[in-house]
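Here's the letter readout for the chains.
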Amino acid sequence: QVQLVESGGGLVQPGGSLRLSCAASGFTLDYYAIGWFRQAPGKEREGVSCISSTVRSDGGTRYADSVKGRFTVSRDDAKKMVYLQMNSLKPEDTAVYYCATAPLYYSCSDYGSEAGPNMHYWGKGTLVTVSS
């Protein structure tokens, strides 16, 4: 069974950094693109970032405009881990962060910015709180 487990969330001051981890099991991670999403209280879920399958040399990564230049997504397929390095955090970044994927989801370009509704497998999320 496909499982995704997020970790690394916590309380951080504005301007600080956190690294989130997404541990994958039940499938060969290198064949899958992984998306990061977040949902703040009372707000809609939004896509944050995506990293394409290692198999797809032309897949690349993508970032929401709100986090571009501050967040960096990476992966370690041997460890079956995907990471989201978050720097220069702002109070607006406060949210529950999720990693997700779907069958045959190989490239971030498969769904683009509308990937959320197409994701089939979701982790339970990890809470990031940015506050002084």
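All figures in this text were calculated on a predicted structure; none of them were measured in a lab.

A tally of helices and strands in the chain yields 0 helices and 11 strands. The linear arrangement of helices and strands in the chain, starting from the amino end, is β-β-β-β-β-β-β-β-β-β-β. Projected onto its principal axes, the C-alpha positions of the chain cover 40 × 25 × 25 Å. Taking all 132 residues of the chain together, the buried fraction comes to 43%. Considering only intrachain contacts with a sequence separation of at least 6, the fraction spanning at least 24 residues in the chain is 61%. Carbon and sulfur atoms make up 47% of the accessible area of the chain, which amounts to about 6800 Å² in all. Taken as two groups, the 13 positive and 12 negative side-chain charges of the chain have centres that lie 4 Å from each other.

Taken as a whole and judged by the stated rule, the model has 2 disulfides. A sulfur-sulfur separation of 2.1 Å characterises the disulfide bridge that pairs cysteine 22 with cysteine 99. On the sign convention where negative means left-handed, the S-S torsion of about 75 degrees between cysteine 22 and cysteine 99 marks this disulfide as right-handed. One end of the pair, cysteine 22, is in strand E3 (residues 18-25); the other, cysteine 99, is in strand E9 (residues 95-101), with 77 residues separating them in the sequence. Note on accessibility: cysteine 22 and cysteine 99 belong to one class, buried.

Judged by nonpolar contacts, the single largest core of 27 residues is most densely connected at Trp36, Phe71, Val82, Leu84, Met86 and Tyr97. The set of elements that each furnish at least two residues to this core consists of E3, strand E4 (34-39), strand E5 (46-51), strand E7 (71-76), strand E8 (81-86), E9 and strand E11 (126-130). With 4 residues, the top contributor of residues to this core is E3. Formed by 9 residues, the second largest nonpolar core is a distinct cluster that contains Ala33, Ala100, Tyr105 and Met119.

What follows is about the pattern of salt bridges. Evaluated as defined, the whole model comprises 5 salt bridges. Residue aspartate 65 pairs with lysine 68 through a salt bridge whose shortest N-O separation is 3.2 Å. Since its relative accessible area comes to 68%, aspartate 65 is described here as exposed.

Put simply, the largest pocket is a space of about 160 Å³. Considering the residues around the largest pocket, the lining is formed by 14 residues, among which Gly47, Val48, Arg62, Gly112 and Ser113 are closest to the centre. Elements supplying a minimum of two residues to the lining of the largest pocket: E4, E5 and strand E6 (61-63). The element best represented in the lining of the largest pocket is E5, accounting for 4 residues. Counted by class, the lining of the largest pocket contains 8 nonpolar, 5 polar and 1 charged residues.

Criteria and thresholds
- Residues numbered from 1 in each chain as written.
- Predicted model: local features only at pLDDT ≥ 70, side-chain atom pairs only at ≥ 80, totals over all residues.
- Heavy atoms only, no water.
- Helix = DSSP H or I, 4+ residues; strand = E, 2+ residues; numbered from the N terminus.
- Buried < 20%, exposed > 50% of the residue type's maximum accessible area, 1.4 Å probe, protein only.
- Contact = heavy atoms within 4.5 Å.
- Areas by Shrake-Rupley, 256 points an atom, 1.4 Å probe, with all protein chains shown as cover.
- Lys, Arg positive; Asp, Glu negative; His and termini not counted.
- Charge placed at Lys NZ, Arg CZ, Asp CG, Glu CD.
- Disulfide = S-S within 2.5 Å.
- Core = buried A, V, L, I, M, F, W, Y, C linked by side-chain atoms within 4.5 Å.
- Salt bridge = Lys/Arg side-chain N within 4 Å of Asp/Glu carboxyl O.
- 1 Å grid on protein atoms, 1.4 Å probe; cavity = no way out; pocket = protein on both sides within 12 Å on 5 of 7 lines; lining within 4 Å.
- Points joined across faces, edges and corners; volume = space filled by probe spheres on them.
- Nonpolar A, V, L, I, M, F, W, Y, C, P; charged D, E, K, R; others polar.

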